[in-house]
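Single-letter residue listing:
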Amino acid sequence: MLSHYQELARQLTGIGAVKRDLARTLPADCPPGPAAVLTVLDRHGEMRLSRLSELLAVDISVTSRHVAHVAERGWIDRETDPVDGRCRILRLTPAGRRFLAELGTRYTAALERALADWSAEDIAVLNSLLARLRSSF
């Protein structure tokens, strides 16, 4: 018989599959990595590439590729850091904010479709427990 923690570990592995299914709602020109860049910049504000890489928990070379992708589409600006001219400050553009809102709408619609047979109370409980889980780490 599985312990509660073993079952939780198994269920969390399944969350990866849910995330992959939700990622399929993203437009072709915005895979999950670049979408994460936009989300982090929206949540935390402007920052250097090194800080973004830390927050994404990926190698700086991977972060750099994602940043180039979103910059080419005009979703972020890369301006010279006034404190250290060798660095760039990354920030969302108005176009990036609009695009991120569109991504949010797509993501929410996908969740609404998938959970259409869930009660509002069940969704509230899931939200509460997931928030609690995140705060434990």
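Below: a short report on this structure. Just so you know, these numbers come straight off a predicted model, no measurement behind them.

Helices and strands together make up the secondary structure of the chain, namely 6 helices and 3 strands. Starting at the N terminus and walking to the C terminus, you meet the elements of the chain as α-α-β-α-α-β-β-α-α. Principal-axis analysis of the C-alpha atoms places the extent of the chain at approximately 60 × 30 × 25 Å. Here the chain holds 137 residues, and the buried ones make up 25% of them. Considering only contacts within the chain whose residues lie at least 6 apart along the sequence, 50% involve residues at least 24 apart. Approximately 9,600 Å² of the chain is accessible, and the part contributed by carbon and sulfur atoms is 56%. For the chain, the distance from the average position of its 19 positive side-chain charges to the average position of its 17 negative side-chain charges is 3 Å.

At a closest axis distance of 10 Å, the pairing of helix α2 (residues 32-44) and helix α3 (residues 49-56) adopts a crossing angle of 105 degrees. Classed by the angle they form, the pair α2 and α3 counts as roughly perpendicular. Counted together, Ala36, Val37, Val40 and His44 of α2 and Leu52, Leu55 and Leu56 of α3 form the full contact between these two elements. The residue makeup of the contact of α2 with α3, split by class, is 6 nonpolar, 1 polar and no charged.

Attention now goes to unusual backbone geometry. Its identity as a non-glycine residue notwithstanding, alanine 57 has a phi of 60 degrees, on the positive side. Among the secondary structure elements, alanine 57 is positioned in the loop between α3 and α4 (60-72).

Further remarks concern the environment of isoleucine 76. Along the chain, isoleucine 76 falls in strand β2 (residues 76-80). The sequence separation of isoleucine 76 and glutamate 46 amounts to 30 residues, and the corresponding C-alpha distance is 9.7 Å. Beyond its immediate chain neighbours, meaning those up to four positions away, isoleucine 76 contacts Leu38, Leu41, Val67, Val70, Ala71, Leu90, Arg91, Leu92 and Thr93.

For strand β1 (residues 47-48) and strand β3 (residues 88-92), the ladder comprises 2 bridges, and the chain directions are antiparallel. Its bridge partner being in β3, arginine 48 is matched across the sheet by isoleucine 89. Bridging between β2 and β3 involves 5 bridges; their strand directions are antiparallel. When the bridges of β3 are listed, aspartate 77 appears paired with arginine 91.

Before going further, it helps to spend a moment on the pattern of salt bridges. Inspection of the entire model under this criterion finds 10 salt bridges. Here glutamate 7 and arginine 10 are joined by a salt bridge, their closest N and O atoms 2.9 Å apart. Of the two residues, glutamate 7 and arginine 10 both sit in helix α1 (residues 4-23), 3 residues apart, roughly one turn of that helix. Residue class for glutamate 7 comes out partly exposed when judged on its relative accessible area of 26%. Between glutamate 102 and arginine 106 there is a salt bridge, with the nearest N and O atoms lying 3.3 Å from each other. Separated by 4 residues within a single helix, glutamate 102 and arginine 106 lie in helix α5 (residues 94-114), roughly one turn from each other.

Ordered in space as β1-β3-β2, the 3 strands form an open sheet in which the pairing is antiparallel. At either margin of the open sheet sits one strand with a lone partner, and together these are β1 and β2. Across the sheet, α2 lies against β1, β2 and β3, angled at about 90 degrees from β3, the strand it touches most.

Thresholds, definitions, all that
Residues numbered from 1 in each chain as written. Predicted model: local features only at pLDDT ≥ 70, side-chain atom pairs only at ≥ 80, totals over all residues. Heavy atoms only, no water. Helix = DSSP H or I, 4+ residues; strand = E, 2+ residues; numbered from the N terminus. Buried < 20%, exposed > 50% of the residue type's maximum accessible area, 1.4 Å probe, protein only. Contact = heavy atoms within 4.5 Å. Areas by Shrake-Rupley, 256 points an atom, 1.4 Å probe, with all protein chains shown as cover. Lys, Arg positive; Asp, Glu negative; His and termini not counted. Charge placed at Lys NZ, Arg CZ, Asp CG, Glu CD. Axes fitted to C-alpha atoms, helices over the stretch in contact; angles between N-to-C directions. Parallel < 35°, antiparallel > 145°, perpendicular 65-115°, else oblique. Nonpolar A, V, L, I, M, F, W, Y, C, P; charged D, E, K, R; others polar. Pairing = 2+ DSSP bridges. Salt bridge = Lys/Arg side-chain N within 4 Å of Asp/Glu carboxyl O.

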